[in-house]
Amino acid sequence: MKKFSLLLLTVFVVWGCTNNAPSGPNADDFDRQAILENWANNLIIPGFTHFAETTAELQVQAEAFSETPSPQNLTALREAWKESYLAFQHVSMFEMGKAMELNYRNNLNIYPTDTDEIEGSIESGEYNLALPSLLDSQGFPALDYLLYGLGENDAEILNYYTTNTNAEGYRTYLVDLSQRIDSLTKEVLNHWTSGYRDEFVSNTGNDANASLDMMVNDYIYYYEKHLRAGKIGIPAGVFSGSPLSGHVEAYYSDDFSKALFNEALTASINFFNGTHFNSDQNGQSLDDYLEYLEIDKEGSGLATLINTQFDSARSEAENLNPDFAAQVESDNSLMLSTYDELQRNVVFMKVDMLQALNINVDYVDADGD
Amino acid sequence: MNTSSLRSYLSGTKNAAPLAVLRILFGLLMLISIIRFAAYGWIYKLYIEPQFFFSYYGFKWVQPLGGWTYLIFIICGLSALFVALGFKYRISIILFFLSFSYIELMDKTTYLNHYYFISILSFLMIFLPAHTYYSVDAWRDEKLRSQEVPAWSIDAIKLLICIVYFYAGLAKLNSDWLLEAMPLQIWLPAKYSIPLLGDLLQQTWVHYAFAWSGALYDLSIPFLLLYRKTRPFAFIFVVIFHVLTRVLFPIGMFPYIMIGSALIFFDANLHNRILSKISGWFNISKSLFDNSRIYQFPKAWQRKGSMGIITAFFVLQLLLPFRYMLYPGELFWTEEGYRFSWRVMLMEKAGYANFKVVNPENGQRFYVDNTQFLTRFQEKQMSTQPDFILEYAHFLKDHYQQQGIENPEIYVESYVALNGRRSRPYVDPDVDLTEIEPSLKHRNWIHPFNDEIKGL
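This is a predicted model, so every value here is computed, not measured.

Colleague: Is there a simple way to explain the sheet that holds strand E5 (residues 409–418) of chain B in this structure?
Modeller: Through backbone hydrogen bonds, the strands of a sheet pair up, either in parallel or in antiparallel fashion. Residue and element names in this part refer to chain B. Sheet architecture is open: 4 strands sit in the order E4-E3-E5-E6, paired in antiparallel fashion. Because the sheet does not close on itself, it has two edges, and the strands there are strand E4 (364–367) and strand E6 (424–425). Here 10 bridges tie strand E3 (residues 349–359) to E5, and the two strands are oriented antiparallel to one another. The residue of E5 that forms the bridge with Gly351 is Val416. Its contacts with the sheet put helix H19 (residues 386–402) on E3, E4 and E5, and the angle it makes with E3 is roughly 30°.

Written out as structure tokens, the structure reads:
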């Protein structure tokens, strides 16, 4: 026994000294906090700051239009809405902290919007947008309906705000919606800048509630449910068997759904690579962490693989009609093939990446073996 | 061993204190486990909230009972307390075995080797006279009270513990564990935030050191515990090993259970001292039990029956872990014969399973949102284990039949990554899973592994 232990000890010592490992992480510790800092400082807070500017502008334009419902003001309001909706795609995935508490994403972007409920609220004039039951009659999709969907053409739409017997009701609802978007956004941004950022960055543990685990779970969830399924899969009928053109994002404003999708895809790619908001500068993120871990033994690294797959999805989507509803109706197979490309990255991220990062998928922290 | 020496071994007796201490520790730790489980809200999360439960083959009839599920846990906790007290011991240990096993059989999502160990240990204890000394039963019943018990009744516990360790060690003798330090190479770096150890756990040589010493520990500890001279030193190892695993991995109460049960290897002196201490605290008269009497089974058939069952039990325990040899293919990939075999911490498996429902009448096809039916925990377990995938497919078939599709076909696109390998297709996506009945036969609808993990 003694001899055997001695032999074993020698093996370990030799191993330790030569460190001739076939594969595996480098001896230097990887700075995981740098990832959190990069996300918070260069993606999340700048993203929300920019988005808050657009929501403020949206509210200003909504009030201006409400005061003077002219064609010019309608155009300006629509522009502000588009700007803001695009900016939202960069922060939608960060459903944590205050955003999670407020159910932020669901307040801003549930579609298809419930037009009957909207009309009912406007007619009665009595509504409380904070109620969960009204989630699907507010946010950007509700504004989409109010700005593009009320009538066949702009003149008809304007009539709702001018000559309609309840024109004031329509104007008030419009302003209330933009106000709520703006105030919720300010609340989330404020929370980030007044303390939550530090909490987020310093929570470097490795349990299910640590920032990295939480963020990666949120990110994959967003990619799977909101980007892949919400923007492409559901309208293409992947989950229902038959296409549902009415379920595209920004259904009433023709020609805008693709722009929103592209923006969201860019935001997802930027997050994965740690690309700073509105800049080409690149910081620490999941791609660097995967390269550090190098657990993957086959061919090119996992980070490259995921980025290549993002590119394939991007180029597949290039062929799509700017209006997804029209695309679904004319040639749904292109939507389905875009979906397939997006789907491949779900596998890479949910299976290979989560395994490499050893991140808990489940929030139930039951015992393990 | 010839017949006469076997006979003399079987009639040999030992001081009953080790068995009494084991009974008390086991009962108390089980009581704490049940309370902890309830306090974390796991009863609700794991057995009441889900709308579908995965059953073991042949145990479909074991289902959670809605609100009554709490009652099973109460029975389990109370019977554990009674076992500790040695109060109505036989009934209590039988009730404990039944209620605990029922809980484990309700949903195989939560399968852990540790829980299986508890189940079979409690089964074994049904047939051991663990209540003849230092128990309420023995205090009340003078005829039962005995200071000496058959030596084999203590050795049976030792044998079970030895099997657990040794088989766990054998299972580690494979190329992933020894040559790639997998899955430790994935798990340990993620523990970067543990004080003192965090940085060390990033080093590759540490992963290998953990892998090799873990295997060596499992294989040698039974012998080191059995041999008197190495025993104290071995026990220190047991404590260090289990405390370390407790720090590194979320393994709940198991380390304490293993540390506690390893005490059985010590001489009765230690246990008598422990019982004296307890007697001091609670003002119990230990001397009442020290009557030098030798425990006799009340009836000869009870002794023979117990010994027969225990023998059959161990034969099964020795053979069951090797049943994987009856199946072709890589065990880690197909998991045919993986459970109930002390294969602990050997795999990091991640998977993704996307189910497609096809209505053959009109060609309509769509994908299933798994979160509609399964908890995240269930989905995670389902996506890497073929028996789960099949059972879930049959559940989906029933569900969509109720939704009006007369003969739904269910296909799955699934990917699994094993021990750091790139994800690969898992189940054949062209197989209609509704056509396949669950069985213990080899599953030819799983893609081959296309790699080799050498070893046992």
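Moving on from the model shown.
Colleague: I'm lost on the UniProt feature "transmembrane region" (unreviewed entry) in chain B in this one. Help?
Modeller: Residue and element names in this part refer to chain B. According to UniProt, the "transmembrane region" (unreviewed entry) feature falls on residues 20–43, 70–103, 115–136, 148–168, 205–226 and 233–266. End-to-end, the C-alpha atoms of residues 20–43 are 30 Å apart, and along that stretch the chain is 92% helix and 0% strand. What you have in residues 148–168 is 86% helix and 14% strand, and the ends, taken at the C-alpha atoms, are 33 Å apart.

Colleague: Even after reading the chapter, I still don't get the side chain of Asn107 of chain A, so can you show me in this structure?
Modeller: All names here are of chain A. Mapped onto the elements of the fold, Asn107 is located in helix H5 (residues 104–108). Take Asn107: its relative accessible area is 3%, and that puts it in the buried class. There is a polar contact of 2.8 Å between the side chain of Asn107 and the side chain of Arg180. Apart from residues lying up to four places away in sequence, Asn107 is in contact with Leu102, Leu129, Leu135, Gln138, Gly139, Arg180 and Leu184.

Colleague: Explain the nonpolar core to me, please; I cannot follow it from the model alone.
Modeller: Soluble globular proteins: nonpolar side chains tend toward being buried together. If you look at the biggest cluster of nonpolar residues, it comprises 115 residues, and the most contacted ones within it are Trp39, Trp81, Leu146, Trp192, Phe200 and Met353 of chain A. Setting aside anything within four residues of it in sequence, one finds Trp39 of chain A in contact with Ile44, Phe200, Leu212, Met215, Val216, Phe271, Gln284, Ser285 and Leu286 of chain A. Grouped together as the second largest cluster of nonpolar side chains are 91 residues, Ala16, Leu46, Tyr217 and Phe289 of chain B included.

Colleague: How do you make sense of the UniProt feature "domain: HTTM-like" (unreviewed entry) in chain B when you look at a structure like this?
Modeller: Following the UniProt record, the feature "domain: HTTM-like" (unreviewed entry) maps to residues 11–270 of chain B here. Counted over residues 11–270 of chain B, helix gives 67% and strand 2%. Its end C-alpha atoms are 24 Å apart.

Colleague: Can you help me understand the domain arrangement of chain A in this one?
Modeller: You'll often see interface size given as the accessible area lost when the parts meet. Residues and elements named next belong to chain A. Domain annotation for chain A reports domain 1 (28–204) and domain 2 (205–361). Centre-to-centre, using C-alpha coordinates, domain 1 lies 22 Å away from domain 2. Each partner contributes residues to the interface: domain 1 has 41 residues there, and domain 2 has 44 residues. Between domain 1 and domain 2, roughly 3,700 Å² of surface is buried when both sides are summed, and carbon and sulfur atoms account for 66% of that area. Looking at the side of domain 1 facing domain 2, the largest losses of area belong to Trp39, Met93 and Tyr111, adding up to 20% of the total buried there. Here domain 1 is connected to domain 2 by 0 salt bridges. The tally of links from domain 1 across to domain 2 stands at 18 residue pairs in polar contact (both at pLDDT 80 or more). Those elements that place two or more of their residues in the side of domain 1 that touches domain 2 are helix H2 (32–67), helix H3 (71–88), helix H7 (139–149) and helix H9 (167–202). Of all the elements, H2 adds the most residues to the side of domain 1 that touches domain 2, at 12 residues.

Colleague: Mind showing me how you'd approach the packing of helix H8 (residues 154–162) of chain A against H9 of chain A here?
Modeller: Packed helices, taken two at a time, are described by the angle between their axes plus the distance between the axes. Residues and elements named next belong to chain A. Where H8 contacts H9, the axes come no closer than 6 Å and their chain directions differ by 100°. As the angle between them shows, H8 and H9 are arranged roughly perpendicular. The residues of H9 that touch H8, namely those facing Tyr160, Tyr161 and Thr162, are Ala167, Tyr170, Arg171 and Leu174. Considered class by class, the residues forming the contact of H8 with H9 number 5 nonpolar, 1 polar and 1 charged.

What counts, and where the lines are drawn
- Residues numbered from 1 in each chain as written.
- Chains lettered and ligands numbered in written order.
- Predicted model: local features only at pLDDT ≥ 70, side-chain atom pairs only at ≥ 80, totals over all residues.
- Heavy atoms only, no water.
- Pairing = 2+ DSSP bridges.
- Helix = DSSP H or I, 4+ residues; strand = E, 2+ residues; numbered from the N terminus.
- Contact = heavy atoms within 4.5 Å.
- Axes fitted to C-alpha atoms, helices over the stretch in contact; angles between N-to-C directions.
- UniProt positions renumbered as here; feature names shortened; annotations may be inferred.
- Buried < 20%, exposed > 50% of the residue type's maximum accessible area, 1.4 Å probe, protein only.
- Polar contact = N/O pair within 3.5 Å; in protein donor to acceptor, adjacent residues only side chain to side chain.
- Core = buried A, V, L, I, M, F, W, Y, C linked by side-chain atoms within 4.5 Å.
- Domains from an automatic or database assignment.
- Buried area = accessible area lost by both parts, 1.4 Å probe.
- Salt bridge = Lys/Arg side-chain N within 4 Å of Asp/Glu carboxyl O.
- Parallel < 35°, antiparallel > 145°, perpendicular 65-115°, else oblique.
- Nonpolar A, V, L, I, M, F, W, Y, C, P; charged D, E, K, R; others polar.

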